[in-house]
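Listed here are the chains, written in short residue letters.
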Amino acid sequence: MSTTPTPPRAGRRVLVLTAALLTTTASLAACADPVAPAAKKVDPKDLGGSKVLPVAFDTSANQKRPAGTLHPEIAAELPADVRASGRLVIGSGGAGGGIPPLAFTADDNHTPIGVEVDIAHLVADVLGLKPEVETTSWENLFIGVDSGKYQVAISNVGVSEERKEKYDFATYRLGLHAFEARKGSGLTVRGPADISGKKVAVGSGTLQEAILLRWNAENEKAGRAPARLVYYQGATEYYLALDSGRIDLYLGPNPTATYHVVTAGKTQIVGNVSSSYPIPGKVGVLTKKGNGLVKPISDAINAAIADGSYAKVLQRWGLTAEAVPASEVNPAGLPKPAATK
């Protein structure tokens, strides 16, 4: 997972249009205005999609989540102690209010909600377990899984080769980053050449920055001018700079980009890139390596994909573009950094 500014939340319900088909420009980026209209129409082009479905963000504590269907044959795959406990303890990195629409706090300032929380409930439903979502900080997710405090972590954790040495993954979303620009900019980003000479804002030390540095190296090798990378301290500064024309683009995580595009109404998605560029980025349920949970969890996700409940979860949070056709156990992930001499 990459670092990104924590966005303020919009009002109780926000009309969203989400891509119904995965396209080359269906993506996201950062943060939301504090208040959004109850029903705002969004041009499909602003979200990078040609076909869209209406979705409402429900930020109430009383969530009407799509329910999963119990599969006794999959539940039977669980380790005996987990079956006997009847619960699934999930670590969620939504501390401090979280990041919508991934994992954040409902209007009661207490209840965890978001796509990651819905996935946790969906998996637990299929396995016949009671989900117990515990909110913590990002770094404490891994400490909690290591210690056994959490049986799994469901918190936008990207699959990487380094993490796979210690943890198992059952994938459930694509990892995407998005380029956000002002409405009407006319920009489209499909590769390194499209950012040549542009001012592109990005978070320092993030996966997004690493991708831009790689793209700049490719531009220079091809004789093109590199992009100028610009850094700010928080979401407000990024969006003020974009609105005023001081920067051309902002590259950030996909889900938060869609949230901002809809709630602020001043920007649009103009391109995307895999979070694990140049290979496909994938997000997975993380669990301690070899503890026997990864296969039943992956099978549970596949059961939810097959019956349509998985698609309903992604649709309600505007993340249809990040859907995977099937859950995989420990697929190829973000490569390890090259060794330095």
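See the structure above.
Because the structure is a prediction, the values reported are computed rather than measured. (Residues numbered from 1 in each chain as written. Predicted model: local features only at pLDDT ≥ 70, side-chain atom pairs only at ≥ 80, totals over all residues. Heavy atoms only, no water.)

Asks: Can you walk me through the overall build of the protein chain in this structure?
Replies: Within the protein chain, the regular secondary structure consists of ten helices and 14 strands. Taking contacts inside the protein chain between residues at least 6 apart in sequence as the whole, the part at least 24 apart equals 81%. Accessible surface, the protein chain as shown: approximately 14,100 Å² in total, 54% of it carbon and sulfur. (Helix = DSSP H or I, 4+ residues; strand = E, 2+ residues; numbered from the N terminus. Contact = heavy atoms within 4.5 Å. Areas by Shrake-Rupley, 256 points an atom, 1.4 Å probe, with all protein chains shown as cover.)

Asks: Please clarify how the pattern of salt bridges should be interpreted in this entry.
Replies: Oppositely charged side chains can form a pair if their charged atoms are brought close together. For the coordinates displayed, the defined rule picks out 13 salt bridges. In this structure, E165 and K336 form a salt bridge, with 2.1 Å as the shortest nitrogen-oxygen distance. Pair noted here: E165 is in the loop between α5 (161-164) and β9 (167-182) and K336 is in the segment after α10 (309-316), with a separation of 171 residues, a long-range link. A residue is classified by how much of its surface remains accessible, and E165, at 52% relative accessible area, is exposed. According to the relative accessible area criterion, K336 is partly exposed, its value standing at 45%. Across the pair E322 and R173 runs a salt bridge whose closest N-O atoms are separated by 2.3 Å. Note that E322 is positioned in the segment after α10 and R173 in strand β9, a separation of 149 residues in sequence. For E322, a relative accessible area of 2% translates into the label buried. Residues joined in a network through salt bridges with shared partners are R65, D118 and R316. (Salt bridge = Lys/Arg side-chain N within 4 Å of Asp/Glu carboxyl O. Buried < 20%, exposed > 50% of the residue type's maximum accessible area, 1.4 Å probe, protein only.)

Asks: I'm lost on the packing of helix α3 (residues 115-127) against helix α9 (residues 294-307) in this one. Help?
Replies: When two helices pack together, their arrangement is given by the angle between their axes and by how far apart the axes lie. Put simply, α3 and α9 touch, their axes get as near as 9 Å, and they point 100° apart. As the angle between them shows, α3 and α9 are arranged roughly perpendicular. Judged by residue contacts, L122, V123, V126 and L127 of α3 engage P296, I297, A300, I301, A303 and A304 from α9. Among the residues making up the contact of α3 with α9, the classes are represented as ten nonpolar, no polar and no charged. (Axes fitted to C-alpha atoms, helices over the stretch in contact; angles between N-to-C directions. Parallel < 35°, antiparallel > 145°, perpendicular 65-115°, else oblique. Nonpolar A, V, L, I, M, F, W, Y, C, P; charged D, E, K, R; others polar.)

Asks: What is the right way to read the pairing of strand β13 (residues 267-274) from this model?
Replies: In terms of burial, β13 is largely enclosed, as eight of its eight residues are buried. Pairing between β9 and β13: seven bridges, direction antiparallel. Across the sheet, R182 pairs through a bridge with T267, a residue of β13. (Pairing = 2+ DSSP bridges.)

Asks: How should I be thinking about helix α6 (residues 207-221) in this particular structure?
Replies: If you check α6, its first and last C-alpha atoms are 21 Å apart, about what 15 residues at 1.5 Å a residue would give, namely 21 Å. If you check which residues of α6 are buried, you get Q208, E209, I211, L212, W215, N216 and N219. Buried residues of α6, viewed axially, fall in a sector of 155°; they line one side. Facing away from the buried side of α6 by more than 90 degrees, the exposed set consists of E220 and K221. The inward-facing, buried residues of α6 abut β9, β10 (199-201), β11 (228-230), β12 (249-253) and β13. Trailing α6 by a residue or two, G223 shows a phi angle of about 80°, which is positive. (Expected span 1.5 Å × (residues − 1). Arc of directions from axis to C-beta.)

Asks: Is there a simple way to explain the side chain of S60 in this structure?
Replies: Along the polypeptide, S60 turns up in the loop between β2 (52-58) and α1 (72-75). Residue classification places S60 among the buried positions, given a relative accessible area of 9%. A distance of 2.7 Å separates the side chain of S60 from the side chain of D58, its partner in a polar contact. At 3.4 Å, the side chain of S60 and the backbone oxygen of N62 are in polar contact. (Polar contact = N/O pair within 3.5 Å; in protein donor to acceptor, adjacent residues only side chain to side chain.)

So yeah, pure geometry; function would need other evidence.
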